[in-house]
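Listed below are the residues making up each chain.
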Amino acid sequence: MVGDRIYASNIKGKTFVFEASPGNFKIIAQNQLGDEAYATPAICGSRIYLRVAKRGEEREEFLYCVGSKTKPEPKT
């Protein structure tokens, strides 16, 4: 969870972004990054790292980094 957002991937390689509040829970984004994802997204600073795999003749693994180069301003 980062702020009011929850990031989760399923084993079929789809990553979901949920917005959570005491009165509501909704999907705000979905992204298909591969065919398989057996790793939990890792959050470091303002970046999210996602490890996925694509099936084919040979299985290939990829590491995606999503985020900004700079740290976001803290919420007040």
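Above this note sits the structure.
Residues numbered from 1 in each chain as written. Predicted model: local features only at pLDDT ≥ 70, side-chain atom pairs only at ≥ 80, totals over all residues. Heavy atoms only, no water.

1. Things to note about the environment of arginine 47
Within the fold, arginine 47 resides in strand 5 (residues 47–54). According to the relative accessible area criterion, arginine 47 is partly exposed, its value standing at 29%. Sequence separation between arginine 47 and lysine 69 is 22 residues; the distance between their C-alpha atoms is 8.0 Å. Not counting residues up to four positions away in its chain, the partners in contact with arginine 47 are Ala42, Cys65, Val66, Gly67, Ser68 and Lys69. (Helix = DSSP H or I, 4+ residues; strand = E, 2+ residues; numbered from the N terminus. Buried < 20%, exposed > 50% of the residue type's maximum accessible area, 1.4 Å probe, protein only. Contact = heavy atoms within 4.5 Å.)

2. Considerations on the packing of aromatic side chains
By convention here, two paired aromatic rings are described through the distance between centres and the angle between planes. Applying the stated criterion across every chain yields a total of two aromatic pairs. Judged by centre distance (5.0 Å) and plane angle (15°), the rings of phenylalanine 18 and phenylalanine 25 are stacked. Here the aromatic cluster, defined as three or more aromatic residues joined through ring pairs, consists of Phe16, Phe18 and Phe25. (Phe/Tyr/Trp six-rings, centres within 6.5 Å; stacked < 30°, edge-to-face > 60°.)

3. Side note on the pairing of strand 3 (residues 24–32)
Two elements, strand 2 (residues 14–21) and strand 3, share eight bridges in a ladder whose sense is antiparallel. Within strand 3, the residue paired with serine 21 across the bridge is asparagine 24. (Pairing = 2+ DSSP bridges.)

4. A few points about the nonpolar core
In this structure, Leu33, Ala37, Ile48, Leu50 and Val52 together form the largest nonpolar core, which totals five residues. Setting aside chain neighbours within four positions, we find valine 52 in contact with Leu33, Gly34, Glu36, Ala37, Glu60, Glu61, Phe62 and Tyr64. (Core = buried A, V, L, I, M, F, W, Y, C linked by side-chain atoms within 4.5 Å.)

5. Points about the pattern of salt bridges
By the definition in use, this model includes seven salt bridges. The partner of arginine 59 in a salt bridge is glutamate 36, and the shortest N-O contact between them spans 2.8 Å. On the criterion of sequence distance, the pair formed by arginine 59 in the loop between strand 5 and strand 6 (60–67) and glutamate 36 in the loop between strand 3 and strand 4 (42–44) is long-range, its members being 23 residues apart. Between arginine 51 and glutamate 61 there is a salt bridge, with the nearest N and O atoms lying 3.2 Å from each other. Within this pair, whereas arginine 51 is found in strand 5, its partner glutamate 61 is found in strand 6, the two being separated by ten residues in sequence. Assessed through its relative accessible area of 44%, arginine 51 is described here as partly exposed. Judged by its relative accessible area of 45%, glutamate 61 is partly exposed. Ionic contacts of the salt-bridge type, sharing partners, join the residues Glu36, Arg51, Arg55, Arg59 and Glu61 into one network. (Salt bridge = Lys/Arg side-chain N within 4 Å of Asp/Glu carboxyl O.)

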